[in-house]
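Here is what each chain is made of, one letter per residue.
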Amino acid sequence: MSGSHRWAWVEIDLDAIAHNIRCLRDVVAPADVWAIVKADAYGHGAVEVARAALDAGASGLGVALVSEGVELRRAAVEAPILVLSEQPREAAPDIIAHGITPTVSTTAGIDAIAAAAGDAGETGVSVHLKIDTGMHRVGARPDEAAELAEYIAATGCLHLAGLFTHLAVADEPDRPDTAAQLDIFDAVRAALPPVDLVHAANSAAALVHPRAHHSFVRAGIAVYGISPGPGVDDEAAMLRPALSLKARVSFVKRLPAGERLSYGLRYALPVDANIATVPLGYADGVRRNLSGLGVDVLIRGRRHPIVGTVTMDQLLVDCGDADVAAGDEVVLIGEQGGVGLRVEDWAGPLGTIGYEITCGLSARLRRIHVHRAGTDSSTGDGRSPQ
Ligand SMILES: *Cc1c(COP(=O)(O)O)cnc(C)c1O
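Cut-offs used in this document
Residues numbered from 1 in each chain as written. Predicted model: local features only at pLDDT ≥ 70, side-chain atom pairs only at ≥ 80, totals over all residues. Heavy atoms only, no water. 1 Å grid on protein atoms, 1.4 Å probe; cavity = no way out; pocket = protein on both sides within 12 Å on 5 of 7 lines; lining within 4 Å. Points joined across faces, edges and corners; volume = space filled by probe spheres on them. Helix = DSSP H or I, 4+ residues; strand = E, 2+ residues; numbered from the N terminus. Nonpolar A, V, L, I, M, F, W, Y, C, P; charged D, E, K, R; others polar. Core = buried A, V, L, I, M, F, W, Y, C linked by side-chain atoms within 4.5 Å. Buried < 20%, exposed > 50% of the residue type's maximum accessible area, 1.4 Å probe, protein only. Domains from an automatic or database assignment. Contact = heavy atoms within 4.5 Å. Buried area = accessible area lost by both parts, 1.4 Å probe. Pairing = 2+ DSSP bridges. Axes fitted to C-alpha atoms, helices over the stretch in contact; angles between N-to-C directions. Phe/Tyr/Trp six-rings, centres within 6.5 Å; stacked < 30°, edge-to-face > 60°. Expected span 1.5 Å × (residues − 1). Polar contact = N/O pair within 3.5 Å; in protein donor to acceptor, adjacent residues only side chain to side chain. Salt bridge = Lys/Arg side-chain N within 4 Å of Asp/Glu carboxyl O.

1. Comments concerning empty space enclosed by the protein
What the rule picks out here adds up to two cavities of 30 Å³ or more. By volume, the largest cavity is sized at about 80 Å³. Forming the walls of the largest cavity are 15 residues, and the residues nearest its centre are Gln87, Pro88, Ile95, Gly109 and Ile113. Elements that contribute at least two residues to the lining of the largest cavity include exactly helix H5 (92–97), strand E5 (103–104) and helix H6 (107–119). Among the residues making up the lining of the largest cavity, the classes are represented as nine nonpolar, four polar and two charged. By volume, the second largest cavity amounts to about 40 Å³. If you go around the second largest cavity, the residues you meet are Lys130, Ile131, Asp132, Thr133, Met135, Arg137, Val138, Thr165 and His166. Grouping the amino acids of the lining of the second largest cavity by side-chain chemistry returns three nonpolar, three polar and three charged.

2. Let's talk about the nonpolar core
Grouped together as the largest cluster of nonpolar side chains are 119 residues, with contacts concentrated most on Leu72, Leu158, Leu245, Leu280 and Trp346. If you tally residues by element for this core, the top one is helix H1 (residues 14–28), at eight residues. Looking at which domains feed residues into this core, each of domain 1 (31–224) and domain 2 (243–370) gives three or more. Leave out the neighbours within four places in its chain, and Trp346 touches Leu245, Gly285, Val286, Leu290, Val295, Leu332, Ile333 and Ile357. With seven residues, the next largest nonpolar core counts Leu255, Leu261, Val307 and Leu316 among its residues.

3. Regarding the domain arrangement of the chain
As far as domains go, the chain holds domain 1 (31–224) and domain 2 (243–370). On the domain 2 side, the residues contacting the seven residues of domain 1 number six residues. Buried surface at the junction of domain 1 and domain 2, summed over both partners, amounts to about 680 Å²; 63% is from carbon and sulfur atoms. The element best represented in the side of domain 1 that touches domain 2 is helix H2 (residues 38–43), accounting for three residues. Looking at side-chain class alone, the side of domain 1 that touches domain 2 contains three nonpolar, three polar and one charged residues.

4. What to know about the sheet that holds strand E7 (residues 158–164)
Taken together, the four strands give an open sheet; going across it, the order is E5-E6-E7-E8, and neighbouring strands pair in parallel fashion. The strands lining the two open edges of the sheet, one partner per strand, are E5 and strand E8 (197–199). Across the sheet, H6 is in contact with E5, strand E6 (125–130) and E7; its angle to E7 comes to roughly 140°.

5. Quick notes on the packing of aromatic side chains
Scanning all chains against the criterion turns up three aromatic pairs. Taken together through their ring pairs, the aromatic side chains of Tyr42, Tyr224 and Tyr355 make up a single cluster.

6. Focus: H1
Count 3.6 residues to each turn of an α-helix, and residues three or four apart come out pointing the same way. Taking 1.5 Å as the rise per residue, H1 with 15 residues should run 21 Å; its terminal C-alpha atoms sit 21 Å apart, in good agreement. For H1, the buried fraction is high: 11 of the 15 residues fall into the buried class. Along H1, the positions that sit buried rather than exposed are Leu14, Asp15, Ala16, Ile17, Ala18, His19, Asn20, Ile21, Cys23, Leu24 and Val28. Check the buried side of H1 and you find it contacts strand E1 (8–13), strand E2 (32–36), helix H3 (46–55), helix H9 (203–208), strand E9 (216–219) and strand E20 (366–370). For H1, the capping residue at the N-terminal end is Asp13, with a side-chain oxygen 2.9 Å from the backbone nitrogen of Asp15.

7. Considerations on the pattern of salt bridges
Summed over the entire model, instances satisfying the criterion amount to 17 salt bridges. The partner of Asp284 in a salt bridge is Arg6, with the nearest N and O atoms 2.8 Å apart. One end of the pair, Asp284, is in the loop between strand E14 (273–278) and strand E15 (296–299); the other, Arg6, is in the segment before E1, and 278 residues separate them in sequence. In this structure Asp284 comes out as buried when scored by relative accessible area, which is 0%. Shared partners join several salt bridges into a network, and the residues in it are Arg6, Asp284, Asp313 and Arg364.

8. Here's the deal with the layout of surface pockets
If a probe as big as a water molecule is rolled over the atoms, it shows which places are left empty. Of the volumes computed, that of the largest pocket is approximately 610 Å³. Together, 28 residues line the largest pocket, and Lys38, Tyr42, Arg137, His166 and Asn202 are the ones closest to its centre. Sorting the residues of the lining of the largest pocket by element identifies H2, H9, E9 and helix H12 (354–360) as the ones contributing at least two each. Ranked by the residues each element gives to the lining of the largest pocket, the list is headed by H2, at three residues. A per-class count over the lining of the largest pocket returns 18 nonpolar, five polar and five charged. Counting the residues that make up the lining of the largest pocket, at least three belong to each of domain 1 (31–224) and domain 2 (243–370).

See the structure below:
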C-alpha cells in the first residue's frame, strides 16, 4: 500500500470502540445507542468504526453528509443511517438511492425528498423531523412542528419515523438550559401524533441526562472514549480512548546549551540535550502552536516535551540526557510503558476540545485498526509499520 512506509501513523483500537458502545448501552438501557460516525468517525475511520459499533450492539448510525452515508453503504453497511441535518436539494436522489434516512425541517426540504422518492417510485420513505428547541443551529421552530408533520403525511410517499432535537449545553450539567430545551421538546411531542423514534441526547446527555434518553441516544465522542467536556469527566471515566497517534524518531542529535531550534529559533536549550526529530507536523494535524504548552510525548516509556515551532512535516523533542535513537517509537497520544497521554491533554492547552484534535488528524496519516481486548495483546495486524 502506498504510504505504508511512513514513520507516523494513527492506531484505532476497535475493542475500545466495542467497550464504549457496551458501556453506553448499559447506561441508557432500555434506550438504544446509535453511533455518530460523521467526519470519518471523528478521524477514527468510518467504515471500521461503524462495523465495530454495530457488532457491539449499536442499532444505527449518524452522519453529517450524504457522501458519508454513501461510503458506508458501499462498504455493505446495512444498518439505518440518519443524515443529521437537511441537505442540499441535489443530494436527495442519492439519499433515496442508498436507503439513507433524511432529516427534514422545512417544507422545501420535504419537497426535495418527496420529489426524489416519487422519481424513484418509492413510498413509505422514513424521514426524521428536527426541532430547534434552543440551540438555534438548524431545525424547525417548535410552533411549526405540527404543520410540518401534516405536510410530510400529505406527500403520500414519506413517513414521519423520527422526531428529534439537539442540546447545546448537555456537557455542563449544572446549567438549567438543558431542562428548558427538553421541556420544549416534550411539548412538541405532546402536540403530534405518536412517532416511533424520539431522540435528543448526544454523548454528554447520554451520560448525565436520563430524561433525554428517549428511543435512542446519538453518541459520538463517547464512542471514541473521549470525554465530551470537563463537566462530565467523572461519568466518562469508564470509557476507553480508541485512538493513538504514533511515530518513530527519524533523527537524533546532541546539542549544547544555548543552541536555538526550529523556525524562528524561538526555543533555546537550557542545558546540553539530546534532541529527537519526529516526522509529524501541522500538515498531519499536529497544531503549529503545540510546543511551549507543556505537551509531552513518550519515548522509551518516558515523557519529553515538544520544543521549538512545529513545522509542516516534522517536530522536535527535548530528551535531555535520556538515551534515544532513530527508530524508537514515539507516542503523542496513547499509551507507552504504562503511561497514557490523552487527547484532552492537548485540547486544554490549545483552548479547544478533544473533538477538534481527532477530527484534525489529516488523511495523510494512515489509520491502522487493531484489537487490544483490554490488555496489551495486539493482534497480528496491530504491528507498527516499519
Ligand atoms: C455530532 C452530533 C451528535 C454527536 O455528538 P457527541 O457530542 O459527539 O456525542 C449528535 N447529534 C447531532 C445532531 C450531532 O450533530
